[in-house]
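# An overview of the molecular structure
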Amino acid sequence: MKLISINVATAKALHTLDGKTVLSGIAKRPVGGRVQVGPLGLQGDEQVDLSVHGGLSKAVYAYPSEHFAFWQTVRAQAKVADWQAVLAPGAVGENLSLSGLLEKEVWIGDRLRFADCELLVSEPRYPCFKFNAVMGFNKAVKLMSESAWCGFYLAVQTPGTLEAGESFELVAGPREVSITELFRFKLRRH
């Protein structure tokens, strides 16, 4: 398992597909070097709507890079991107672009142990209208909901630093509820 990219953003205006403008930190971009990780997330990153993003339990958002090809394809099918337009790390709004760890392999309470930092899996990410806006088409939230390719939030168990390219290990927690299970359960209730 590997950390492919570390992505941050400051709050900026985001133009939604219904013509409104909202403040958002979803448009993440990769950063180089070692990045400080504190209890509320990554240095240089900003979350706007703290009712659904950020805080102690949702300080960092991780997403499997294995799903990028899917999003690249559906964006091309929706005619909002070229077929060869590679989806850049951070494009899904994630802080950490990971390789080798999918949602179906992650459980609430698992830990991602890096050389100088440890992060605790807290919950799935539930997409909102801002995800449609950054993907560029109205069905992105629906596709994420149907696939359960949602990524997951992490609390900072042990503050420290992270650097793109480093490996990490998954330390099993109690293994009672998986990310995919909880994601699908909560979506059925709404």
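Described below are features of the structure shown in this document. Predicted model, so just to flag it, every value in this text is computed and none were measured.

### As for the pattern of salt bridges
- Counted under the stated rule, the structure contains 9 salt bridges.
- In this structure, E166 engages R34 in a salt bridge whose closest nitrogen and oxygen atoms are separated by 3.7 Å. Taken together, the positions of E166 in the loop between β12 (160-163) and β13 (169-171) and R34 in strand β5 (residues 34-38) put the pair 132 residues apart, joining distant regions of the chain.
- A salt bridge links R111 to E118; its shortest N-O distance comes to 2.9 Å.
- A residue is classified by how much of its surface remains accessible, and E118, at 9% relative accessible area, is buried.

### Re the environment of L98
- With respect to the helices, strands and loops of the structure, L98 is situated in strand β8 (residues 96-99).
- On the basis of relative accessibility, which here comes to 0%, the residue L98 falls in the buried class.
- When the C-alpha positions of L98 and R188 are compared, they lie 27 Å apart, and in sequence the two are 90 residues distant.

### What about the sheet that holds strand β10 (residues 118-124)?
- What the 8 strands build is an open sheet, ordered β4-β1-β8-β7-β11-β10-β9-β13; its pairing is mixed. Each edge of the open sheet is held by one strand with a lone partner, namely β4 (29-31) and β13. For this sheet the average axis-to-axis angle between neighbouring strands, irrespective of direction, equals 40°.
- Note: strand β7 (residues 60-64) against strand β11 (residues 152-158), 3 bridges, orientation antiparallel. Residue pairing for β11: Y61 is matched across the bridge by Y153.

Conventions used here
Residues numbered from 1 in each chain as written. Predicted model: local features only at pLDDT ≥ 70, side-chain atom pairs only at ≥ 80, totals over all residues. Heavy atoms only, no water. Salt bridge = Lys/Arg side-chain N within 4 Å of Asp/Glu carboxyl O. Helix = DSSP H or I, 4+ residues; strand = E, 2+ residues; numbered from the N terminus. Buried < 20%, exposed > 50% of the residue type's maximum accessible area, 1.4 Å probe, protein only. Pairing = 2+ DSSP bridges. Axes fitted to C-alpha atoms, helices over the stretch in contact; angles between N-to-C directions.

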